[in-house]
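Chain by chain, the residues run as shown.
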Amino acid sequence: MRKPLIKLDTVERVIKVELPKQVLSSGYPLVFRIKEADIEVKDIKVAIKKLGNEYHTEAISEVLEKPREFYHFELRQEDKVVEWNITGICLNKCLLFSVEKKLLESSYLPEEGVYIVTHYGSKVSPSLAVRERGRLIGEWSDYEYIYVDLSDIEMFSVEVEGKEFVFKKPSGLRPQLIGGDILEGVNVLGKFVYNGKLPHLVLPLNSVGDIEFYGIKVEVSEKSIFKPLKEISNVIKGENIAIIPLDLLASELYGMYKVALVYKQDIIWSKEFALVPDLQLEFDRYLYPPVEKWERRFGEIILTSKYEFEVRGNKVTESNFRKNIIKFDAKYDSIEIELTYFLEEREFDIKLTIAIPKIYWRLRDQGDWLSEIEEIWYEDIGELEVKLPYFLQGIGAKLVLSSTGTAIMPKKAKDTIIFSLKQLSDIIYDIREKGKKTVWDLILFFENHDIPSFLLTRIRVHWEVVNVRINQKRENDKRRVFVQWEDLGKVSGRIVRLWYLGDEVTGRIERKVSDGENEVEFIEDLERLPLGKYRLEFNIEDPWFDKEISLPKERERNCIDIMIGDKEEIIEVLQQKGLDIIGFEVDGDKVLLERNYWIQDIKVYTNFVEGIEFEGHVCTFDNDGEIIELEYNPCKFYFGMNPDYFNKLPYLIDKDNDGFTYCRRCKVIFSETEGHRECGKEVILPEYILVRIRRWKNDEVRSD
């Protein structure tokens, strides 16, 4: 008969017994009996099927309802009884399961990892080896399962209700420190920091008689202590190991420790660590997720102790002898804090490095870990690694593509969780083809809903140009326009075009851009690049595009409107040519004039940083084609350098500071406050006056 197996189910969070399939010689009724301790719990009738000359059963799985010191199983068929006894939760108060979640009946550890079932809240050392944990349910709710990664350790200890148990691999043991209260995420020059209690030294022995050849040397606080192992009382001897509590050698001595194991006269092993009297740490946030590059985020850490202490050299926002609150910049990975403890006999200084609990990410095996929100180009998606703080390792998580709701689950690696972004490929290419949105957020969610979700990084699906910088200069009859920018995304065959937005047809001017370059220069005659408003277009040259290239619409992606020319040139041109008044803008609608009006004899009235206030004369033609000036000249108007308002005057006022208005019925511009009352709603009050630079000089005014 095949033996029943006890298994851990981390999905349902229960312990089960599984009876494997059996091959029987007869088809008589078969009963599987489960006993917990001496109590008969359940009889299960096993279904039997005849296959040829043999009888086969199906596997049976049943939940073990309660934790017991041992379990008794029986398989009964007629007068034949096969029995098995399997040890449960007993002296060591732990059950060990393999990575396949099958019960290990030996206390020796496998190579890759092990699941422990032990009392809820038990402490595992070293804690950094813990990758997963979860609480069981039902009668087992006082217990939890913990997965311990054994790839880098030979042994570990579990502290259960104040008692410590050591588990080790069967061979190749090395001396190591276990137990003690490690301050997680804290180090001194890269060394562990213990909090108030020294660890134990675990020493592998070939035989108990080897003890007399060993000694322990401890250096701390300018003291050196050496003791032969045979002279240390209370050494805990186990199966081929000895466990030495270090507080038997050094008590109430704080600072940097160096512990050495001496065999005969040679030091065969040593370890350094620090010990502080007492310290409790609490951050103002559970964790600090990635932030935008431009964002500054500050945090606070609260330090408390039952001993009096002081923080030096940091930005302390609140302080007393047993509590200090320190403000820090969360863009860094850690905080350097110098503490001074005031003990009864002496002061004690120590400089700690405290890791900020942050989330880090990167494309797998590509460069440094990032704690800022950046972008991944859609063609570069691969495996995304996420590194979590030690207290989140093993937690369930998922990554969601914003707006679509599509989620991907991770696989777990040694110290990270890994998401395969390739699972999103079809969706990403689909939204790239159908949508105009340039970037999509990747949101990290945890199965523990007390931990808020947050933006981890973004996937960019469209190329975009940002931070455009323009330098321009007139040199005699030439104009130089130098354009620089930053690319978001990766493309080849880029081209930059300048489109003149005036009424004169100058066509487009374009330059090709080599891969890796982020700048172009236009050098043209002033006639080819006149003063005015232009649309600067960044695009990708398509050799298969056979339609005529047309002016892109305003505010299309990778298009911006710019001004070419400077204040000096504007003054010069306006004084030479003047401005045509071509219409008005009212509630976003344009009203074009049916009669010629212009501003001439322009001169500077006030010079501002962003523009110029001018003075001039508003003119038109009379019925005989003669030039006449409007009443209440001279006028004042503001001409800005912003391309959005280059051909729009925010105001045009007469000498009495009354604004010029327009009568659509009479088709005239006027500024008299009482004028055209009889025209009623045909008189409009413009938001902007639409103008353009005149084609001729002031002395070449034409009525055509």
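All values derive from a computational prediction rather than experimental measurement. Each residue is numbered by its place in its chain's sequence as written, counting from 1. In keeping with the predicted nature of the model, local features appear solely for residues at pLDDT of at least 70, side-chain atom pairs appear and are counted solely at 80 or more, and the whole-chain, interface and lining totals rest on all residues. Just so you know, side-chain values use all the structure's heavy atoms and leave hydrogens and water out.

### Notes on the overall build of the protein
Right, on to step 1. A tally of regular secondary structure across the protein gives 2 helices and 62 strands.
Right, on to step 2. Computed over the C-alpha atoms, the radius of gyration of the protein is 41 Å, more than 25% above the 27 Å expected from 2.2 N^0.38 for a compact globule of 704 residues.
Right, on to step 3. Overall, the protein is about 130 × 85 × 50 Å in size when its C-alpha atoms are taken along their principal axes.
Right, on to step 4. For each residue, the accessible area found with a 1.4 Å probe, counting protein chains only, is set against the maximum for its type, and the residue is called buried under 20%, exposed over 50%, and partly exposed in between. Considering the protein as a whole, with its 704 residues, one finds that 46% of them fall into the buried category.
Right, on to step 5. Computed by Shrake-Rupley with a 1.4 Å probe, the accessible areas treat only the displayed protein chains as cover when residues are assessed. For the protein, the accessible surface area stands at approximately 37,200 Å², while carbon and sulfur atoms represent 45% of it. Secondary structure elements follow DSSP: runs of H or I of four or more residues count as helices, runs of E of two or more count as strands, with numbering from the N terminus. Our radius of gyration is a C-alpha quantity, and the globule rule it is checked against amounts to 2.2 Å times the number of residues to the power 0.38.

### What to know about the nonpolar core
Right, on to step 1. Think of a nonpolar core as a cluster: buried Ala, Val, Leu, Ile, Met, Phe, Trp, Tyr and Cys residues, connected wherever their side-chain atoms sit within 4.5 Å. In terms of nonpolar packing, the biggest core is built from 54 residues, with I216, I244, L303 and L339 touching the most fellow members.
Right, on to step 2. Contact criterion: two residues are considered in contact whenever any of their non-hydrogen atoms come within 4.5 Å of each other. Beyond its immediate sequence surroundings of up to four residues, L339 is in contact with L279, L303, F309, E310, V311, F348, D349, I350 and L352.
Right, on to step 3. Within the second largest apolar cluster, 50 residues are counted, among which are L399, W440, L442 and L536.

### Observations concerning the packing of aromatic side chains
Right, on to step 1. For Phe, Tyr and Trp, rings pair up if their centres lie within 6.5 Å, where Trp contributes its six-membered ring, and each pair is then called stacked (planes under 30 degrees apart), edge-to-face (over 60) or tilted (otherwise). Taken as a whole and judged by the stated rule, the model has 30 aromatic pairs.
Right, on to step 2. Between the aromatic rings of Y288 and F328, the centroid separation amounts to 5.8 Å while the plane-to-plane angle is 70°, which identifies the pairing as edge-to-face. Highlighted residues: Y288 in the loop between β29 (280-283) and β30 (298-304) and F328 in strand β33 (residues 323-329), separated in sequence by 40 residues. The same class applies to Y288 and to F328, which are both buried.
Right, on to step 3. Judged by centre distance (5.8 Å) and plane angle (25°), the rings of Y341 and F348 are stacked.
Right, on to step 4. Residue class for F348 comes out buried when judged on its relative accessible area of 4%.
Right, on to step 5. Joined through ring pairs, the aromatic side chains of Y254, F309, Y341 and F348 make up one cluster.
Right, on to step 6. Over a ring means this: the NZ of a Lys or the CZ of an Arg is within 6 Å of the ring centre and within 35 degrees of the ring normal. Between K398 and the ring centre of F445, over which it is positioned, the NZ or CZ distance is 5.8 Å.
Right, on to step 7. When the ring centre of Y688 is taken as origin, the NZ or CZ atom of K648, which lies over that ring, is 4.8 Å away.

### Brief notes about the sheet that holds strand β16 (residues 143-149)
Right, on to step 1. Two strands pair under a simple rule: DSSP has to find at least two bridges between them. The strand order across the open sheet built from 5 strands is β12-β11-β13-β16-β15, with neighbouring strands paired in antiparallel fashion. On the outer flanks of this sheet lie β12 (103-104) and β15 (130-135), each paired with one strand and no other.
Right, on to step 2. Sheet topology note: the strand β11 (residues 94-97)/strand β13 (residues 113-119) ladder contains 4 bridges and is antiparallel. Each bridged residue has a counterpart across the sheet, and for F97 the counterpart in β13 is Y115.

### As for helix α1 (residues 425-434)
Right, on to step 1. Every buried residue of α1 is accounted for by S425, I428 and I431. Along the axis of α1, the buried residues cluster in a sector spanning 140°; they form a single face. Summarising the geometry of α1, the exposed residues directed more than 90 degrees from the buried face are D426, E433 and K434.
Right, on to step 2. Packing partners of the buried residues in α1 comprise β39 (397-401), β43 (439-446) and β44 (454-460). The arc in question is traced by the directions running from the helix axis to the C-beta atoms.

### Observations concerning the side chain of E585
Right, on to step 1. The topology assignment puts E585 in strand β52 (residues 579-586).
Right, on to step 2. Here a polar contact means two N or O atoms within 3.5 Å. Within protein one must be a hydrogen donor candidate and the other an acceptor candidate, and residues neighboring in sequence count only if both atoms are side-chain atoms. A polar atom in the side chain of E585 sits 3.1 Å from the side chain of K648.
Right, on to step 3. Residues within four places of E585 in sequence aside, it is in contact with K648, P686, E687, Y688 and L690.

### Section: the confidence of the model for the protein
Right, on to step 1. Scored by pLDDT, the protein has a mean of 88; 95% of the residues are at 70 or more.
Right, on to step 2. What pLDDT reports is the predictor's confidence in each residue, on a scale of 0 through 100. Within the protein, the element-level pLDDT minimum falls on strand β25 (residues 236-237), averaging 72, and the maximum on strand β46 (residues 478-488), averaging 96.

### Let's talk about the pattern of salt bridges
Side chains that differ in sign of charge can pair as their charged atoms come close.
Right, on to step 1. Within this document, salt bridges are pairs made up of a side-chain nitrogen of Lys or Arg and a carboxyl oxygen of Asp or Glu, the two lying within 4 Å of each other. Applying the stated rule across the entire model yields 48 salt bridges.
Right, on to step 2. Residue E475 pairs with K473 through a salt bridge whose shortest N-O separation is 3.8 Å.
Right, on to step 3. Among the ionic pairs, R497 bridges to E510, the shortest N-O distance being 2.9 Å. In this pair, R497 is assigned in strand β47 (residues 494-500) and E510 in strand β48 (residues 508-513), connecting sequence segments 13 residues apart.
Right, on to step 4. Each of R33, K35, D43, E74 and R76 takes part in one network of salt bridges that share partners.

### Thoughts on the pairing of strand β22 (residues 200-204)
Right, on to step 1. Of all the 5 residues making up β22, 5 are buried; the element is thus mostly covered by neighbouring parts of the structure.
Right, on to step 2. In β22, alternate side chains face the same way, and those of H200, V202 and P204 on one face and L201 and L203 on the other are all buried.
Right, on to step 3. In terms of strand pairing, strand β19 (residues 176-178) meets β22 through 3 bridges, oriented antiparallel. For L177, the partnering residue across the bridge sits in β22 and is L201.
Right, on to step 4. Note: β22 against strand β26 (residues 241-245), 5 bridges, orientation antiparallel. Residue pairing across strands places V202 opposite I243, the latter belonging to β26.

### Some thoughts on the sheet that holds strand β2 (residues 14-19)
Right, on to step 1. With antiparallel pairing, 3 strands are arranged side by side in an open sheet as β1-β2-β8. Two strands lie at the open edges of the sheet, namely β1 (5-9) and β8 (60-63), each paired on one side alone. In this sheet, neighbouring strand axes are inclined to one another by 30° on average, regardless of whether the strands run parallel or antiparallel.
Right, on to step 2. Pairing between β2 and β8: 4 bridges, direction antiparallel. Considered in β8, the bridge of K16 is made with V63. Only C-alpha atoms enter the line fits that serve as axes; for helices the fit covers just the stretch in contact. Angles between N-to-C directions range over 0 to 180 degrees.

### Let's talk about unusual backbone geometry
Right, on to step 1. Here the bond from S125 into P126 is cis, since omega is 5°, no more than 30 degrees from zero.
Right, on to step 2. As for its placement among the helices and strands, P126 is situated in the loop between β14 (123-125) and β15.
Right, on to step 3. A positive phi is found at R13, a non-glycine position, where the angle reads about 60°.
Right, on to step 4. Under the relative-accessibility criterion, R13 is labelled partly exposed at 31%.
Right, on to step 5. The phi angle at D587 is positive, at roughly 50°, despite the residue not being glycine.
Right, on to step 6. Within the secondary structure layout, D587 lies in the loop between β52 and β53 (589-607).

### Observations concerning helix α2 (residues 567-577)
Right, on to step 1. Every buried residue of α2 is accounted for by E569, I570, I571, V573 and L574.
Right, on to step 2. The positive-phi residue at the C-terminal boundary of α2 is G578, with phi of around 80°.

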